[in-house]
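What follows is the residue order along each chain.
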Amino acid sequence: MANHMVKSVFIYCCFLFISFNAFAQAKSDSSQRLEEIVVKGYETNSSLLALPASVSKLNKAALQFTSAQSLVPAFNTVAGVRLEERSPGSYRLSIRGSLLRSPFGVRNVKLYLDDFILTDAGGNTYLNLLDANMISGAEIIKGPAGSYYGGGTGGAVLLNTTNAGEGDSSSFSFALTGGRFGTVIQNASYQKQLSTISIQVMQGHTQADGYRIHSGLRKDNIMLSVKLKNSEKSQSDFLLLLADLFYKTPGGLTQAQLLANPRQSRPATAVLPSAIEQRASIRNQTLLLGYSNQYALNENWKIVSSLTTSITGFANPFITNFEKRNEGNVGIRNKLVYETNRKIPLQWTSGVEVQRGNYRIDSSGNNRGVSDGNKVSDRIIAAQQFVFTQVSLNPIPILNFQGGISLNGFDYSLERTKGLPVSGEKKINFNPQALPRIALSIHPIEKLTIYAQWVKGYSSPTVAEIRPSAGGIFEGLQAEYGWNKEVGVKMSGLRNRLFLSAVLFQFELKDAIVRQVNSAGAEYFINAGSVSQKGLELESNWVLIRPNKSWFSNWVWRQSYTRNRFEFVQYTLGVNNYSGNALTGVPKEMYASTIQAEFFSKLYLNASYNRLGKTPLNDANTFFAEGYELWQIKIGLRMNHKKFKSNIYLIGDNITNRAYSLGNDINAFGGRFYNPAATRNLQIGYSIQF
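Thresholds applied
- Residues numbered from 1 in each chain as written.
- Predicted model: local features only at pLDDT ≥ 70, side-chain atom pairs only at ≥ 80, totals over all residues.
- Heavy atoms only, no water.
- Helix = DSSP H or I, 4+ residues; strand = E, 2+ residues; numbered from the N terminus.
- Rg over C-alpha atoms; globule rule 2.2 N^0.38 Å.
- Buried < 20%, exposed > 50% of the residue type's maximum accessible area, 1.4 Å probe, protein only.
- Contact = heavy atoms within 4.5 Å.
- Areas by Shrake-Rupley, 256 points an atom, 1.4 Å probe, with all protein chains shown as cover.
- Pairing = 2+ DSSP bridges.
- Salt bridge = Lys/Arg side-chain N within 4 Å of Asp/Glu carboxyl O.
- Core = buried A, V, L, I, M, F, W, Y, C linked by side-chain atoms within 4.5 Å.
- Phe/Tyr/Trp six-rings, centres within 6.5 Å; stacked < 30°, edge-to-face > 60°.
- pLDDT = per-residue confidence, 0-100.
- Polar contact = N/O pair within 3.5 Å; in protein donor to acceptor, adjacent residues only side chain to side chain.

Novice: Report on the overall build of the protein, specifying residues and quantitative values.
Specialist: Secondary structure summary: the protein contains six helices and 41 strands in total. A compact globule built from 690 residues should have a C-alpha radius of gyration of about 26 Å, and the protein, at 25 Å, falls within 12% of that. Referenced to the eigenvectors of the C-alpha coordinate spread, the extents of the protein come out at roughly 75 × 55 × 50 Å. Counting only residues that meet the buried cut, the protein has 56% of its 690 residues in that class. Considering only intrachain contacts with a sequence separation of at least 6, the fraction spanning at least 24 residues in the protein is 66%. With an accessible surface of roughly 28,300 Å², the protein has 58% of that area assigned to carbon and sulfur atoms.

Novice: Describe the pairing of strand E7 (residues 109–113), with residues and values.
Specialist: In terms of residue burial, E7 counts as a mostly covered element, since five of its five residues are buried. In E7, alternate side chains face the same way, and those of Val109, Leu111 and Leu113 on one face and Lys110 and Tyr112 on the other are all buried. Pairing of E7 with strand E11 (residues 155–160) involves five bridges; the strand directions are parallel. Across the sheet, Val109 pairs through a bridge with Gly155, a residue of E11.

Novice: So what's going on with the pattern of salt bridges? Which residues, and what values?
Specialist: When charged atoms on two side chains of opposite charge get close, those side chains can pair. In this structure the tally under the stated criterion is 25 salt bridges. Across the pair Glu537 and Lys142 runs a salt bridge, and its minimum N-O distance is 3.7 Å. Residue Glu537 is located in strand E31 (residues 530–543), and its partner Lys142 is located in strand E10 (residues 137–142); the two are separated by 395 residues in the primary sequence. Owing to a relative accessible area of 2%, Glu537 belongs among the buried residues under this scheme. Arg283 is paired through a salt bridge with Asp244; the nearest N and O atoms lie 2.9 Å apart. With Arg283 in strand E17 (residues 281–296) and Asp244 in strand E16 (residues 234–248), the pair connects residues that are 39 residues apart, well separated along the chain. A relative accessible area of 21% places Asp244 in the partly exposed class. Through salt bridges with shared partners, a single ionic network connects Glu323, Arg325, Glu327, Asp378, Arg416 and Arg467.

Novice: Quick rundown of the nonpolar core? Include the residues and the values.
Specialist: Judged by nonpolar contacts, the single largest core of 40 residues is most densely connected at Phe75, Leu93, Leu127 and Leu159. Once residues lying within four places of it in the same chain are set aside, the contact partners of Leu93 are Phe75, Val81, Arg82, Leu83, Ser98, Gly105, Val106, Val109 and Val157. Within the second largest apolar cluster, 18 residues are counted, among which are Tyr42, Leu49, Ala53 and Ala156.

Novice: For the packing of aromatic side chains, give the residues involved together with the corresponding values.
Specialist: The tally for this structure, following the rule as stated, stands at 25 aromatic pairs. A centroid spacing of 6.0 Å and a plane angle of 10 degrees characterise the contact between Phe474 and Tyr524, whose relative ring orientation is stacked. Taken together, the residues span a long stretch of sequence, with Phe474 in the loop between helix H6 (463–466) and strand E27 (480–493) and Tyr524 in strand E30 (residues 523–527) at a distance of 50 residues. Judged by relative accessible area, Tyr524 falls into the partly exposed class, the value being 25%. Note on Phe623 and Phe673: the rings are 4.9 Å apart at their centroids and 45 degrees apart in plane angle, and the pair reads as tilted. Residue Phe623 is located in the loop between strand E37 (615–616) and strand E38 (624–625), and its partner Phe673 is located in the loop between strand E40 (645–653) and strand E41 (681–689); the two are separated by 50 residues in the primary sequence. Overall, Phe673 belongs to the buried group, its relative accessible area being 2%.

Novice: I'd like a description of the confidence of the model for the protein, backed by residues and values.
Specialist: Averaged over every residue, the pLDDT of the protein is 88; residues scoring 70 or more account for 92%. Low pLDDT, under 50, characterises residues 15–31; the predicted model gives this stretch 29 contacts beyond four residues in sequence or across chains.

Novice: How would you explain the sheet that holds strand E3 (residues 55–59) if you had to name every residue and give the values?
Specialist: Taking strand neighbours across the sheet as the criterion, the five strands line up as E3-E10-E11-E7-E8 in an open arrangement whose pairing is mixed. In this open sheet, the two strands that pair with only one neighbour each are E3 and strand E8 (116–117). As paired strands, E10 and E11 are joined by six bridges and run antiparallel to one another. Looking at E11, one finds that Ile141 is bridged to Ala156.

Novice: Account for the side chain of Gln186, with residues named and values stated.
Specialist: Within the element layout of this structure, Gln186 appears in strand E13 (residues 183–193). Overall, the relative accessible area of 14% leaves Gln186 in the buried class. Engagement of the side chain of Gln186 in a polar contact is seen with the side chain of Gln203, the distance being 2.7 Å. Setting aside chain neighbours within four positions, we find Gln186 in contact with Phe174, Ala175, Leu176, Gln203, Gly204 and His205.

Structure (structure tokens):
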């Protein structure tokens, strides 16, 4: 591990030395530059350089850098972020160690799509419902962001759909990709842009047999986005998403099973059937609707309101049980924004967000993929709401101040409507929490920002943690909370061709929520005392062009490096004392490097290298996943014809044929930690746009 760290730091030092010397020799200013990156985080709409927070942004090109179907490769180039896929379709997202609570899905991270709330009232987000081709950009806010986005100790992710163009126009695009392991990806999109309205319809289909036995996937999406300019002062957006997702879950393997046959699914034991016998899988059918309106009261004041509602049908036959959920969610977010650039630039934003969720959850035994009829049913109503206010001002040109606070409330109502033990309605209320954030940045010289921020994080248990799939009720589970402190430096230089950022943070988390698994394989959650999370995150983006070489028209080199020291400070479980152990599921080191090159303005090459350090798999730190290195590549040819554009490409994933696991089961009973990822995978695709 020490050698890897020295190697990574050495690469960064060489990168800086080469870049500064190379551009010191450049006399021409005709090279391509990095466009100023503007972020929406904390509603500032400011440059990434000036924002006093740790935020990373991915544009559409970065999201599709080496994949035609998945957000995983792009997210994993961001420092401090891990997006995992244990089997095709089974996503889980970790920002600065928040994976501890997520056996699958996305918890403890707040997600928005444009102005619409993707995270439901129960604290869960179905990120895997989205088609990667429908997303035009992502902003990842690292660390607690409760002063503006509500409870959560992991962070927030702001996703964007395709932006409307200018003037009257229309376009149609179609893409088809196929490859190993039965992979077929098809996308179509139609956009009509008029002076006052933009309509876009996107359709996607993905299917794959998977590398492992019993790991097939099928996903279908339709998204309708309408943007309407009502007047000079008003704009409305409408969103409709229909998603039908089905994937098989092969289950975790022991190390011996992994070595014997990594393609096998979880086999039967003396007391439990196999994943195939139980037809272990997940089916999710969701309808999401959203409406938002932005109205300018005058040149300084505006109101932004949004309504999001969704209905989900969810079924999960597992090895030991069968869970069905019917979920209904509604969320409202309103904010009032004041902005002025007179004398002292000032922005003041205040608002409220309210969510309600109504869930009927049935649990029973699983008889070869069919409920055995021994059912318990629970009705859960989840409610969360918060009010927030934030001010951002520049009292002097070299100083930027942001301060904000939110008051958060969470409560659940639970009632067992069928099965034992019979109980009346139970209320679980968490005391209202005030979550402040103070951030300050200075700009001693142009293109250099030094910032610090201090923020409280808080996260109540999700519905899936209070009422896990096996059917128990854990009403004694407490919310986790803590204070995050960080300092960072951002710099842009070399005629805007180089962007660097570095951040040091320390997050002291109390009552951390940790996943456990019993002998039957059923999960449950406990509070694990205190956790200390200290880390270093580095990111760089460098553009290099050789103007005298027309055949070499573009070269972009991006790097990220993460060094973590996450550990349990005080944690006892029965007679076991895990204090001082490394935090489960979090690697100590991550490094990513990508190269984007273009030749003759037609031929392009995208290459990605990702290294992950050794990762503890259980709280006792007796099992570890070995580190690995992963190479991915995309080669393509773009052509402009008289009436259309086309793009043919070849994608290579895991081109060195490395054996690794892209997502392990943490604290798995019986040592079934490992979910082997696919070996070398080649895909070829073609897209056309009219």
